[in-house]
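Survey of secondary and tertiary structure
Okay, here's what each chain looks like letter by letter:
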Amino acid sequence: MYVENITNRALETLHTWITSRKLNIAPKKSAALYVAPAGRNKGAGKGGVRNPAIRMDGNRILFKNTLKFLGVTFNRHLTWVDHAKSIRDKVLSKGMELRRLTRENRGLAPLVTKRLYKAGFERIICYAASVWWRQENDSLTHKILSSAQRPFALAICRGYNTLSTDAALVLSGLVPINNILTLESKRAELIRPGSDMDTDPTPEQVDLPPLQWYCHPAEVHLITYDKSIPDSSSLTIYTDGSKSDDGVGAGWCLYSRNIPLLKKSYILREENSVFQAECLAIFKALEWFLEQPHQSITLASDSLSSLESLASPYTKSWSVMRNKILVNNIINSGKTVSFHWVKAHVGLEGNEMADSLARFAFKYPAPYVPIPTPKSWFNYSARKKAISDWQTSWDASLKGRSLYNWIKFVRADRIYSSSALNSILTGHGPFSNYFQRFKIKTPSPCRCGYANPDSDHFLLTCPLLDSSRPRCLKKPNPNKPHLLSDHRKALTTFSEIAVAFSKDLYPPTHH
């Protein structure tokens, strides 16, 4: 009753507000969802919860067990199983339409299928993942989402329908959808901008623009730059940033009439990008200039991206924003600064000096400057974690062990699309051992007399194929992972011969 009374009062207030603004709403087309603790059933039975009777403008609003809002399906217990089913049905339906469209051309190439899945179908599954996906979601949700990914993995690797999902994902180079959803939800949480970026961000935060603009747009001074070598007679600052195995550094130097007057270097964290180092060098140089009595100065940089970011009206990072603020303050103080882009490594002494100061910052007593971590680093770390979790699950999986003997390590940038080769690697093919395992046919021996042959028999030991077998397969007890990596082309060619021989030995049965 309490929930019912509060809801009706709220709807009455909403209706009054809508009417006062001469707007219309259709209560009969509206629906409501009552969120109850898991385990409680609909109705007023034992342990149940009765749906409140709510009305708007005299029309009763009906309750539903599921409610779709902004593309996300909610249910009474917020378990997200219904949303996962909705996603699966949508993805499989669109996949079937795509297969019908390409049937006349014998389907799409595996690489094209993978690109379409990554660019389209995976994006459908990952929509609003930060809202509904949790790694601790029940196993049913995991299975439903995995079933949406499985047909695409099988299409890419051209494997048998009996092939396990774990093996199909390894062959097709598709990261398990559960890992991708975890990656997407973490990425969304990490890169969400916050108001604390307006003041003094910490290195643990992401380098994002602050929520508030630093001044009114009409008060922003437009920044331009020249693509020419600055006049040697003017006071010129050269800036540069560098990132290598030794670390990340930034540096700038002051020149007048080709004579170095001042040199500065700074050390950043290894997570920081070279773009951030370039921006830091510009910031430190302009910060120094603002405190000096000089009224004008020239700043030259070989970083076109940092100069373009200053000239652009859009700001995508905190590092660029504070440079714009500093330039604005310099101009407001009555000073002038002109920017020049110069080519790198063309013998310009000042630019070469700035490059050296940035590259060898660790050799100088340079101060450490903590700045926020770039978004690219968080994306890289999240994807690296997704691949690591995939590797852990592949090592621990009880399925696809025949393939595991060949492929120990997972990778997202490879595709094994040869049907014959994958039949040999997985054991899922026209082999007597496979037919017996799945109760398709009674086992029968090979023509050479070997009883119940499997894929390894045709690949390594069958004497009837010795004349076609390459030398790399004639060695006793070959190292399978090395064999696949070093002799993949020869292995693929012979696999086609072996599978064709096996098909002739065990012709398909038509019912």
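The model shown is predicted, which means the values in this text are computed figures rather than measured ones.

What follows is about the overall build of the protein chain. Per the secondary structure count, the protein chain includes 18 helices and twelve strands. Computed over C-alpha atoms, the radius of gyration of the protein chain comes to 32 Å, more than 25% over the 24 Å expected from 2.2 N^0.38 for 511 residues, which places it beyond the range of a compact globule. Dimensions along the principal axes, computed over C-alpha positions, put the protein chain at roughly 95 × 80 × 40 Å. Expressed as a percentage of its 511 residues, the buried residues of the protein chain come to 44%. Of the contacts formed within the protein chain by residues at least 6 apart in sequence, a portion of 68% connects residues at least 24 apart. Carbon and sulfur atoms make up 54% of the accessible area of the protein chain, which amounts to about 27,900 Å² in all. Side-chain charges in the protein chain split into 68 positive and 43 negative, and the spacing between the mean points of these groups amounts to 11 Å.

A word on the side chain of arginine 469. Its location among the elements puts arginine 469 in the loop between helix H16 (455-461) and helix H17 (480-486). Here leucine 459 takes part through its backbone oxygen, which lies 2.8 Å from a polar atom of the side chain of arginine 469. There is a polar contact of 3.0 Å between the side chain of arginine 469 and the backbone oxygen of cysteine 462. Residue contacts for arginine 469: discarding those within four places in its chain leaves His457, Phe458, Leu459, Leu460, Thr461, Cys462, Lys474 and Phe494.

A few words on the UniProt feature "domain: RNase H type-1" (unreviewed entry) in the protein chain. Mapped onto this numbering, the UniProt entry annotates "domain: RNase H type-1" (unreviewed entry) at residues 231-363. As annotated, residues 231-363 comprises 38% helix and 31% strand, and the C-alpha atoms at either end are separated by 31 Å.

By the element assignment, serine 244 lies in strand S8 (residues 236-244). Overall, the relative accessible area of 39% leaves serine 244 in the partly exposed class. Once the C-alpha coordinates of serine 244 and phenylalanine 360 are considered, the two residues, 116 residues apart in sequence, prove to be 10.0 Å apart.

This model, assessed by the stated rule, comprises twelve salt bridges. When the shortest N-O distance is used, the salt bridge between arginine 123 and glutamate 122 registers 3.5 Å. One salt bridge connects arginine 123 with glutamate 184, and the closest N-O pair in it is separated by 3.2 Å. In this pair, arginine 123 sits in helix H3 (residues 110-125) while glutamate 184 sits in helix H7 (residues 177-190), placing the two residues 61 residues apart along the sequence. According to the relative accessible area criterion, arginine 123 is partly exposed, its value standing at 36%. Overlapping salt bridges, with partners in common, bring together Lys118, Glu122, Arg123 and Glu184 in one network.

Thresholds applied
Residues numbered from 1 in each chain as written. Predicted model: local features only at pLDDT ≥ 70, side-chain atom pairs only at ≥ 80, totals over all residues. Heavy atoms only, no water. Helix = DSSP H or I, 4+ residues; strand = E, 2+ residues; numbered from the N terminus. Rg over C-alpha atoms; globule rule 2.2 N^0.38 Å. Buried < 20%, exposed > 50% of the residue type's maximum accessible area, 1.4 Å probe, protein only. Contact = heavy atoms within 4.5 Å. Areas by Shrake-Rupley, 256 points an atom, 1.4 Å probe, with all protein chains shown as cover. Lys, Arg positive; Asp, Glu negative; His and termini not counted. Charge placed at Lys NZ, Arg CZ, Asp CG, Glu CD. Polar contact = N/O pair within 3.5 Å; in protein donor to acceptor, adjacent residues only side chain to side chain. UniProt positions renumbered as here; feature names shortened; annotations may be inferred. Salt bridge = Lys/Arg side-chain N within 4 Å of Asp/Glu carboxyl O.

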